[in-house]
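Geometric and topological summary
Each chain, written out:
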Amino acid sequence: MTLAPSRLFEPVPSPRLREFVGRSSSGPVVMVVSESPLMRLAMGRELAPSYGLIHAQDVASAGRRMELGATPAAVVVDLDSVERAGSYAFLARLVERDFAGPRVLVSSRLSPDLAEAFRGSCRTHFALARPWRPGALRALMESVLGASAPLRAAVGR
């Protein structure tokens, strides 16, 4: 008795991650990295629909997504995670990969004054104290990535 080869074990081409990222937005894509689902939701609500979003549960999944071809224009990293050392290693890997986009570091350990001073001291790394005022994350993204003309017109109404 011969069995027909099963299609169960045939390789199936998988879609590239970047094909599905940011489709609902015409703006740049931002990767949001936080272990807290509520923090990812808060950041996503503030940035959408002006920016495409890639959500990553932790820095390991963020690294995997980038290895699979995700190319965000900016990365927002919640430093209030269990593995803070992993966050710093992830930021170092971004430098090794020649990631030129801004990195926004969010933490409850930052005071608003310290975050503001940090923002003015570097071209690639920016800080945001948590909790932040409504609209502060969006305003920071617009200042570091630039806002398109239609977005500015919508805000001015």
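Quick look at the structure, then. None of the values given here were measured: they were computed from a predicted structure.

**Re the nonpolar core**
With 17 residues, the main nonpolar core has Met31, Val33, Val75, Val77, Phe90 and Leu94 as its most contacted residues. Contributing elements (two or more residues each) for this core: strand S1 (29-33), strand S2 (52-56), helix H2 (59-67), strand S3 (74-78) and helix H3 (84-96). If we skip the residues at most four places from it in the chain, Met31 touches Ile54, Ala62, Arg65, Met66, Ala70, Pro72, Ala74, Val75 and Val76. Grouped together as the second largest cluster of nonpolar side chains are 16 residues, Tyr51, Trp132, Leu137 and Leu140 included.

**A look at the pairing of strand S5 (residues 125-129)**
Remark: a regular strand shows side chains that alternate across the two faces of the sheet. By the criterion of burial, S5 is predominantly enclosed, with 5 of the 5 residues buried. Because side chains alternate across S5, one face comprises the buried residues His125, Ala127 and Ala129, and the other comprises Phe126 and Leu128, equally buried. Examined bridge by bridge, strand S4 (residues 103-107) and S5 share 5 bridges and lie parallel to one another. Opposite Ser107, over in S5, you have Ala129 as the bridge partner.

**Description of the pairing of S1**
The buried fraction of S1 amounts to 5 of the 5 residues, a majority that puts the element mostly inside the structure. Residues Val29, Met31 and Val33 line one face of S1 and the alternating positions Val30 and Val32 line the opposite face, and both faces are buried. Pairing of S1 with S2 involves 5 bridges; the strand directions are parallel. What sits directly across from Met31, in S2, is Ile54.

**Regarding the environment of Ser107**
Its place among the elements puts Ser107 in strand S4. Sequence-wise, Ser107 and Val77 are 30 residues apart; in three dimensions their C-alpha atoms are separated by 8.7 Å. For Ser107, the residues in contact, after removing those within four places along its chain, are Leu79, Asp80, Leu128, Ala129 and Arg130. There is a polar contact of 3.0 Å between the side chain of Ser107 and the backbone nitrogen of Arg109.

**As for the sheet that holds S5**
Reading across the sheet, the 5 strands line up as S2-S1-S3-S4-S5 and stay open at both edges, with parallel pairing between neighbours. On the outer flanks of this sheet lie S2 and S5, each paired with one strand and no other. For this sheet, the mean inter-axis angle between neighbouring strands, taken without regard to orientation, is 20°. Bridge analysis of S3 against S4 gives 4 bridges, and the strand direction is parallel. Paired with Val77 across the two strands is Leu105, which belongs to S4. With respect to the sheet, helix H5 (residues 136-145) is in contact with S1, S3, S4 and S5, its orientation differing from that of S5 by roughly 165°.

Conventions and cut-offs
- Residues numbered from 1 in each chain as written.
- Predicted model: local features only at pLDDT ≥ 70, side-chain atom pairs only at ≥ 80, totals over all residues.
- Heavy atoms only, no water.
- Core = buried A, V, L, I, M, F, W, Y, C linked by side-chain atoms within 4.5 Å.
- Buried < 20%, exposed > 50% of the residue type's maximum accessible area, 1.4 Å probe, protein only.
- Helix = DSSP H or I, 4+ residues; strand = E, 2+ residues; numbered from the N terminus.
- Contact = heavy atoms within 4.5 Å.
- Pairing = 2+ DSSP bridges.
- Polar contact = N/O pair within 3.5 Å; in protein donor to acceptor, adjacent residues only side chain to side chain.
- Axes fitted to C-alpha atoms, helices over the stretch in contact; angles between N-to-C directions.

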